[in-house]
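Read off the chains here:
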Amino acid sequence: MKLKEIIKAAHKFSKPFRITDGDKFRLKDIDPGDTLEYGSEDKPRAEQALQTGIEALAELQDMLYAQDKWAVLLIFQAMDAAGKDGAIKHVMSGVNPQGCQVYSFKAPTSEDLDHDFLWRCMKCLPERGRIGIFNRSYYEETLVVRVHEELLEKQKLPPKLVTKDIWKERFHDIRAFERYLSRNGVLIRKFFLHVSKGEQKKRFMERIDNPEKNWKFSSADCRERGFWNEYQDAYEDMIRQTSTDAAPWYVVPADNKWFTRLVVAGAVIDGLASLDLHYPKVGAAELKLLAEAKKTLNGGK
Ligand code: ATP
Ligand code: MG
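What comes next is a walk through the structure. (Residues numbered from 1 in each chain as written. Chains lettered and ligands numbered in written order. Predicted model: local features only at pLDDT ≥ 70, side-chain atom pairs only at ≥ 80, totals over all residues. Heavy atoms only, no water.)

Ranked by internal contacts, the top residues of the largest apolar core, which has 83 residues, are L74, Y138, F191, L193 and L272. Per-element accounting of this core gives the leading share, 10 residues, to helix 12 (residues 257-273). Other than its neighbours up to four places away in sequence, L193 contacts Q77, A78, A82, G83, K84, A87, V252, A254, T260 and V264. (Core = buried A, V, L, I, M, F, W, Y, C linked by side-chain atoms within 4.5 Å. Buried < 20%, exposed > 50% of the residue type's maximum accessible area, 1.4 Å probe, protein only. Helix = DSSP H or I, 4+ residues; strand = E, 2+ residues; numbered from the N terminus. Contact = heavy atoms within 4.5 Å.)

This is how it looks when you write it as structure tokens:
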């Protein structure tokens, strides 16, 4: 398959899940079990398509790196066991590690809490020519911190700045920050892996029952499950408030991992294809230098 055709397929595949206008968005409109026209019997075909996509992604990343103008920031958010780690691992498996950086954002350190909430993420932004991946991000500031408001108290904010408008203000600041980045040549694509409560339970059970998966189990994750509805509301509001043309959210059905990966790969390819990527053209002076170098190499031993 030619790159052009792959790009077309990637666009078709990812578009249904792309949110650019938050006003109309409702989380209940996206079914976590959706697999578009693929049935479960089509899994091998989907895996083949993913492989083709991964190869195309590697080609596009090579141009991104060579051109050294754009940076790409991919943000992943989800409930536990939705498959963030697996999606990152599989979709990025073909890219050159030198051109890609992954950062996982856990609970903030005391040093982090001594700064504004974007600080620790800003330090990890990708350089031009690179793909940066945030496994969780500053969006946690409108998710876990919103669901557990006691975390906000630990943030050392001046009390008069903590009002009922704080979430609205955070969304406003995030939108402005992302607009700023996009105006500086950072392409942003954001992924919410949308898993159902039933599928999460199944995956937690597997972690308990399968000795090879025991290490993945965390009782803290089970505790967070108790706040399921609060998290769903926080995610919905986050997507409604921060979906923009420059930094769209993809709400990706996550009950079938093979499908999740296909949509994520499609969206990343579609994003890269929207940039004017090409290998840098060499000018007349450089061509002359290349010819001279060839001559020297041929003349030497
Ligand atoms: P995995 O479990 O696959 O290793 P993970 O992303 O779930 O990946 P954990 O160490 O289990 O990693 O969880 C990280 C925790 O840190 C999450 O519960 C998340 O909500 C929390 N966290 C991230 N950012 C913040 C923040 N700004 N404030 C408070 N808690 C945060
Ligand atoms: Mg976890």
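Now for the state of the cysteines. Tallying each qualifying case throughout the model produces zero disulfides. Unpaired in this structure, C124 has its nearest cysteine sulfur neighbour in C121, at a distance of 6.7 Å. Using a relative accessible area of 12% as the deciding quantity, one classes C124 as buried. (Disulfide = S-S within 2.5 Å.)

With mixed pairing, six strands are arranged side by side in an open sheet as 1-6-5-2-4-3. Either end of the sheet is taken by a strand with one partner, and the two such strands are strand 1 (18-19) and strand 3 (100-104). With five bridges joining them, strand 3 and strand 4 (residues 131-135) adopt parallel strand pairing. Opposite C100, over in strand 4, you have I131 as the bridge partner. Helix 12 contacts strand 1, strand 2 (71-78), strand 5 (186-194) and strand 6 (249-253) of the sheet and is inclined by roughly 165 degrees relative to strand 5. (Pairing = 2+ DSSP bridges. Axes fitted to C-alpha atoms, helices over the stretch in contact; angles between N-to-C directions.)

If you check the shell around ligand 1, you find 14 residues, and the closest are D85, K106, R136, E140 and E141. Between ligand 1 and A107 there is a distance of 3.1 Å, counted from an oxygen atom to a backbone nitrogen or oxygen. Where the shell around ligand 1 is concerned, the elements lending two or more residues are helix 3 (84-91) and helix 6 (144-147). When its residues are assigned to classes, the shell around ligand 1 shows six nonpolar, no polar and eight charged. (Near = heavy atom within 4 Å. Polar contact = N/O pair within 3.5 Å; in protein donor to acceptor, adjacent residues only side chain to side chain. Nonpolar A, V, L, I, M, F, W, Y, C, P; charged D, E, K, R; others polar.)

Relative to the elements of secondary structure, L157 occurs in the loop between helix 7 (150-153) and helix 8 (166-183). Separated by 51 residues in sequence, L157 and I208 place their C-alpha atoms 39 Å apart. Setting aside its immediate chain neighbours within four residues, L157 contacts L152, V162, I166 and R170.

Note that all results are geometric; they support no functional claim without further evidence.
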